[in-house]
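Here is how the chains run, residue by residue.
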Amino acid sequence: MLTYWIIKGKMKGENKIEEILNQKNLKRRIELEESSVFYYYGQKQIPHNHDKTFKNLFSNKKEAVHFINQYLKLEKIGRELKESQIESYKTELINSQKEYLETDILYKIVGTQIFILIEQQSKVDYFMAQRILYYYVAIMKEVQKEGKPSKRKLPIIYPIVLYTGKAKWTAETEISKIQTEIKDLEKALMLKYRLVDIHQYTKEELRKERSSIAKAMLLEKIRDKEELIEELEELVKEKLTKEEKEFLIDILTNIVTEEIGKEKAEELKEKIKGKVVDTMVTENLRDIFRMNYKEGMEKGRLKGRKEGRKEGIENMIKQMLRNKMSEEIIQKITNISEEELKELKKTI
C-alpha cells in the first residue's frame, strides 16, 4: 500500500512536517492503493480488513521469518534467518519530496544494514516496480537521517511482493522493463522485486508448509466454494496452537466470509473456539483424574494395587458419564477403549 499525506501551508524542513504529523493536525490525505485514488479528511483510515489480516500475519516474527526463508532464499548471506535476527523497522516514512509513505511490513536484519520489505497485493499494479522504487528511496533517506550508513554506503533492501489476486500477475518485476526503449541506449536504472504469486505454487505445496501465511495463501488460491469449505473443515480438524487458531479465525472473518457465506464462517469459527474450550476442559479434567488416580492408589494399598487403581479409574469415568461429558474427551483423558467405555455405561 502506498500512502501520501499532503499538508496545506508553507513548510520549512522535515522536522515541521513530522511535528504536524505527530500532532495529527492533518488537512488532507491522498491514498493511492492498488491503482485507485481515494480522498480522506482528518484521521487516518483503518486499512481494508483483507489487507489488515495479512499485515497481522506478517507482523508475527515467526510467520515472517518462515516466509522470508521460504521465498526470498537468503543463501547469499550464508544463513537462514531466525526470529531473534530480525527487528521491525518503521513503516511510516517521508521521502525526498516531503511526502509521507507507508509500507505494509518492513524488517531489518539485526546488526546489519539489510532491510526486507514485504508488500501484499490483491490486484495487479502495472507500476509496482515504480512504487517499490519510492520505498527504496524513502528507506535509504530514513537510514541516512539516522546517520547509520558507514563509509558512505547505502543500505541493502530486499523487496518482496505477495500477490493473492484472482487474475494472473502480468506486471513487470523490473523497473527497466517499464522504462522507455531507446535504441542503442542502455538503461541506467536497475531495480527488481521478488514476486511471490500464489498461482506459481500448487495447493499441495502450500498444504505442506507449516505456517499461517501459507494457509492464507492456499485459501486465497481456492476459488470453488465447496472445495474452500472442505479445505477449511480439514484445517479446523488439525491440531493447532492457540496462535494458529487466532490467525485462522482472523482469516475466516476477513478473507473467506464472502466466498463461503457468513453463516458457514461463523459455524467454523465456533468449532475453532469450541476446540479451545475442549482443550481447557481436558486439561482441568486431567488434573482431577490424576487426583482420583492417587486416591485409587491409596485404596490399592488395602485392596491390592491393581484392583485399587482400576476402581479409581472406573469411578472417575462413571462420574464423567453422569455429567454428560462427551465420550471423545473421556477417551482422551483416560485412554480407555471404546469397547470398555460401552461396558462401563451399562453399569450406570
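Residues numbered from 1 in each chain as written. Predicted model: local features only at pLDDT ≥ 70, side-chain atom pairs only at ≥ 80, totals over all residues. Heavy atoms only, no water.

Peer 1: Explanation requested: the overall build of the protein chain in the structure shown.
Peer 2: When its secondary structure is counted, the protein chain shows 12 helices and 10 strands. Per-residue burial for the protein chain yields a buried fraction of 44% across its 348 residues. Across the protein chain, contacts joining residues at least 24 apart in sequence account for 62% of those joining residues at least 6 apart. (Helix = DSSP H or I, 4+ residues; strand = E, 2+ residues; numbered from the N terminus. Buried < 20%, exposed > 50% of the residue type's maximum accessible area, 1.4 Å probe, protein only. Contact = heavy atoms within 4.5 Å.)

Peer 1: I'm lost on the pairing of strand E9 (residues 156-163) in this one. Help?
Peer 2: Side chains on a regular strand alternate between the two faces of the sheet. Where burial is concerned, most of E9 is hidden: 6 out of the 8 residues are buried. Here strand E8 (residues 114-121) runs beside E9; their pairing, made up of 8 bridges, is parallel. Bridge pairing in E9 links Leu-117 to Pro-159. Here 4 bridges tie E9 to strand E10 (residues 194-197), and the two strands are oriented parallel to one another. Paired with Leu-162 across the bridge in E10 is Val-196. (Pairing = 2+ DSSP bridges.)

Peer 1: Any chance you could explain the nonpolar core here in plain terms?
Peer 2: Generally speaking, soluble globular proteins have nonpolar side chains that are buried together. Core analysis: the biggest nonpolar cluster contains 45 residues, and Phe-67, Met-217 and Ile-260 have the highest contact counts within it. Top element by residues in this core is helix H8 (residues 242-260). It accounts for 7 residues. When neighbours within four sequence positions are excluded, Ile-260 is seen to be in contact with Lys-225, Leu-228, Ile-229, Leu-232, Leu-252, Ala-265 and Leu-268. Ranked by size, the runner-up nonpolar core spans 25 residues in total, among them Ala-129, Val-161, Trp-169 and Ile-175. (Core = buried A, V, L, I, M, F, W, Y, C linked by side-chain atoms within 4.5 Å.)

Peer 1: Honestly, the pattern of salt bridges in this entry has me stumped. Any pointers?
Peer 2: A side chain of one charge can pair with a side chain of the opposite charge if their charged atoms are brought near each other. For the structure shown, the criterion picks out 19 salt bridges. A salt bridge links Lys-145 to Glu-142, with the nearest nitrogen and oxygen atoms 3.4 Å apart. One end of the pair is Lys-145 and the other is Glu-142, both in helix H4 (residues 128-145) and 3 residues apart, which spans about a single turn. By relative accessible area, Lys-145 is classed as partly exposed at 39%. Residue class for Glu-142 comes out buried when judged on its relative accessible area of 4%. A salt bridge links Lys-271 to Glu-233; the nearest nitrogen and oxygen atoms lie 3.1 Å apart. Linking Lys-271 in helix H9 (residues 262-303) with Glu-233 in helix H7 (residues 225-237), this pair joins segments that are 38 residues apart in sequence. (Salt bridge = Lys/Arg side-chain N within 4 Å of Asp/Glu carboxyl O.)

Peer 1: Explain a nonpolar patch on the surface here, please?
Peer 2: A surface patch of nonpolar side chains, about 320 Å² in accessible area, is lined by Tyr-126, Phe-127 and Ile-178. Judged by its relative accessible area of 32%, Ile-178 is partly exposed. (Patch = residues over 30% accessible without salt bridge, like charges linked within 9 Å, V, L, I, M, F, W, Y side chains within 5 Å. Areas by Shrake-Rupley, 256 points an atom, 1.4 Å probe, with all protein chains shown as cover.)

Peer 1: I would appreciate a short explanation of H4 in the present structure.
Peer 2: With 18 residues, H4 should reach 26 Å at 1.5 Å per residue; the first-to-last C-alpha distance of 26 Å fits that figure. The set of residues buried in H4 consists of Met-128, Ala-129, Arg-131, Ile-132, Tyr-135, Tyr-136, Ala-138, Ile-139, Met-140, Glu-142 and Val-143. In the segment just after H4, Gly-147 is the residue with positive phi, at about 70°. (Expected span 1.5 Å × (residues − 1).)

Peer 1: I'm lost on the side chain of Asn-60 in this one. Help?
Peer 2: Relative to the assigned elements, Asn-60 resides in the loop between helix H2 (49-59) and helix H3 (61-71). In this structure Asn-60 comes out as buried when scored by relative accessible area, which is 14%. Filtering out sequence-adjacent residues up to four positions away, Asn-60 remains in contact with Tyr-107, Glu-243 and Phe-247.

Peer 1: Quick question: what am I supposed to make of the packing of H3 against helix H6 (residues 212-221) here?
Peer 2: Packed helix pairs are specified by the crossing angle of their axes together with the interaxial distance, meaning the distance between the axes. In the contact formed by H3 and H6, the axes pass within 8 Å of each other and the chain directions differ by 70°. The orientation of H3 relative to H6 falls into the category roughly perpendicular. Note on element contacts: H6 touches H3 through Ser-212, Ile-213 and Met-217, opposite Glu-63, Ala-64, Phe-67 and Tyr-71. Each residue belonging to the contact of H3 with H6 can be placed in one class, and the counts come to 5 nonpolar, 1 polar and 1 charged. (Axes fitted to C-alpha atoms, helices over the stretch in contact; angles between N-to-C directions. Parallel < 35°, antiparallel > 145°, perpendicular 65-115°, else oblique. Nonpolar A, V, L, I, M, F, W, Y, C, P; charged D, E, K, R; others polar.)

Peer 1: So what exactly am I meant to see when it comes to the sheet that holds strand E4 (residues 86-88) here?
Peer 2: With respect to topology, 5 strands assemble into an open sheet ordered E4-E7-E8-E9-E10, the strand pairing being mixed. Looking along the sheet, the strands with just one partner apiece sit at the ends: E4 and E10. Averaged over all pairs of adjacent strands, the angle between strand axes in this sheet comes to 25°, irrespective of strand direction. The strands that H3 touches are E4, strand E7 (105-109), E8, E9 and E10; relative to E4, the one it contacts most, it runs at about 120°.

Peer 1: Even after reading the chapter, I still don't get the confidence of the model for the protein chain, so can you show me in this structure?
Peer 2: Any region with low pLDDT has predicted coordinates that should not be read closely. When pLDDT is averaged along the protein chain, the result is 76; 71% of the residues meet or exceed 70. Mean pLDDT per element in the protein chain: strand E3 (residues 36-40) is the minimum at 34, and E10 is the maximum at 95. In this model, residues 1-47 is a region of pLDDT below 50 whose contacts with residues beyond four sequence positions or in other chains number 91 contacts. In this model, residues 276-282 is a region of pLDDT below 50 whose contacts with residues beyond four sequence positions or in other chains number 5 contacts. (pLDDT = per-residue confidence, 0-100.)

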